[in-house]
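Summary of the model geometry
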Amino acid sequence: LGVAWVTSAVLGLGVLSVKDRYEASARIYIDTQSVLKPLMAGLAFQPNIEQQLSMLARTLISRPNIEVLRASPEVGWDNAASQDNPTRREAEVESLMKAIKMAPGGAGTNSYSISYRDIDPQRAQRVVAQLVKMFVSSSSDNKRKDSQDARQFIEEEIREHEAKLVASEERL
């Protein structure tokens, strides 16, 4: 009985010494219906949207983006302490890259789940919010590019049909 009391006291102190960890997560729905997909149906090679989203997710948690995230004042990292110490900054970036989890929401669901654990609940929430903001901005940049590509494609088709129409009118 004495051994059980001593063991429970030691384990209780061990549990009390472990810091609380808070997890923030967000689920993002992604519309995979590209602007180009309906226009290019049956005409040309169609890009695989799922591969593009997977690549977008991988680039979101790449080293340059994580360094930008860590340096962001919205996240609240102590940048002054690691400014002079590149090894500490490197270790922080590495730990951030390992701690951020980004996973697909499931087969055919078009969603991604972003999660991050930290001992500071506000920082965990801010990190996930910044990641969502980065994801949405990079996704909107891709949508903008798709819209521009669609516009160019349509204008090119109009020019080709105009040329065919002019040629057929001249023949007539």
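Residues numbered from 1 in each chain as written. Predicted model: local features only at pLDDT ≥ 70, side-chain atom pairs only at ≥ 80, totals over all residues. Heavy atoms only, no water.

**Considerations on the overall build of the chain**
Test applied: Secondary structure elements are taken from DSSP: a helix is a run of H or I of four residues or more, a strand is a run of E of two residues or more, and numbering for both begins at the N terminus. Any pair of residues with heavy atoms lying within 4.5 Å of one another is described as a contacting pair. Throughout, the Shrake-Rupley method with a 1.4 Å probe supplies accessible areas, and for residues the shown protein chains are the sole cover considered.
Looking only at helices and strands, the chain features seven helices and three strands. Ordering the α and β elements of the chain from the N terminus gives α-β-α-α-α-α-α-β-β-α. Of all intrachain contacts in the chain linking residues separated by at least 6 positions in sequence, the fraction that spans at least 24 positions is 68%. For the chain, the accessible surface area stands at approximately 11,800 Å², while carbon and sulfur atoms represent 58% of it.

**Quick notes on the sheet that holds strand E2 (residues 101–104)**
The condition is simple: Strands were regarded as paired on the criterion that DSSP finds at least two bridges between them. Only the contacting stretch of a helix is used when fitting its axis, a line to C-alpha atoms as for every element, and angles between N-to-C directions run 0 to 180 degrees.
The strand order across the open sheet built from three strands is E1-E3-E2, with neighbouring strands paired in antiparallel fashion. Since the sheet does not close on itself, it has two edges, and those belong to strand E1 (22–29) and E2, each with one partner. The sheet shows a mean angle of 20° between the axes of neighbouring strands, direction not considered. Bridge count for E2 against strand E3 (residues 111–118) is four bridges, and the pairing is antiparallel. Bridge assignment links Ala103 to a residue of E3, and that residue is Ser113.

**Description of the nonpolar core**
Defined as follows: Side-chain atoms within 4.5 Å are what join buried Ala, Val, Leu, Ile, Met, Phe, Trp, Tyr and Cys residues into a set we call a nonpolar core. When accessible area is computed with a 1.4 Å probe and restricted to protein chains, residues below 20% of their type maximum are described as buried, those above 50% as exposed, and intermediate ones as partly exposed.
Counting residues in hydrophobic clusters, the biggest one holds 21 residues, and the most contacted among them are Leu60, Leu69, Ile100, Tyr116, Val127 and Leu131. Going through the elements one at a time, E1, helix H4 (63–71), helix H6 (86–99), E3 and helix H7 (121–171) are the ones with two or more residues in this core. When neighbours within four sequence positions are excluded, Leu131 is seen to be in contact with Leu60, Leu69, Ile100 and Ile114.

**Here we look at the pairing of E3**
Strand residues, when the strand is regular, have side chains that alternate between the two faces of the sheet. Counting buried positions along E3 yields six of eight residues, so the element is predominantly enclosed. Of the pairings in the sheet, the one linking E1 to E3 comprises eight bridges and is antiparallel in character. Its bridge partner being in E3, Ala24 is matched across the sheet by Tyr116.

**Quick notes on the confidence of the model for the chain**
So the rule is basically this: pLDDT expresses, on a scale from 0 to 100, how confident the predictor is about each individual residue.
On average, the chain scores 78 in pLDDT, and the residues at 70 or more come to 77%. Mean pLDDT per element in the chain: helix H2 (residues 36–39) is the minimum at 52, and helix H1 (residues 2–17) is the maximum at 92.

**Quick look at H6**
The condition is simple: Take the residue count of a helix, subtract one, and multiply by 1.5 Å to get its expected span. Throughout, the arc means that of the directions going from the helix axis to the C-beta atoms.
Here H6 spans 20 Å end to end across 14 residues, near enough to the 20 Å set by a 1.5 Å rise per residue. Taken together, the buried positions of H6 are Glu92, Val93 and Leu96. Projected down its long axis, H6 carries its buried residues within an arc of 95°, all on one side. Away from its buried face by more than 90 degrees, H6 exposes Thr87 and Lys98.

**Section: H4**
Residues Ile66, Leu69 and Arg70 constitute the buried set of H4. Each buried residue of H4 lies within a common arc of 95° when the element is viewed along its axis, so the set occupies one face. Turned more than 90 degrees from where H4 packs its buried face, Pro64 and Val68 sit exposed.

**Considerations on the environment of Gln130**
Take Gln130: it is sitting in helix H7. For the pair Gln130 and Leu69, spaced 61 residues apart in sequence, the C-alpha to C-alpha distance is 7.1 Å.

**Overview of the pattern of salt bridges**
For clarity, the cut-off: Whenever a carboxyl oxygen of Asp or Glu lies within 4 Å of a side-chain nitrogen of Lys or Arg, that contact is scored as a salt bridge.
Counted under the stated rule, the structure contains seven salt bridges. Here Glu23 ties to Arg117 by a salt bridge, and the two come within 2.7 Å at their closest N and O atoms. With Glu23 in strand E1 and Arg117 in strand E3, this residue pair connects regions lying 94 residues apart in the sequence. A salt bridge links Arg123 to Asp118, with the shortest nitrogen-to-oxygen separation between them at 2.6 Å. Taking relative accessible area as the criterion, Asp118 reaches 6% and is therefore assigned buried. If you follow the salt bridges from partner to partner, you end up with Arg63, Glu67, Glu90 and Glu94 in one network.

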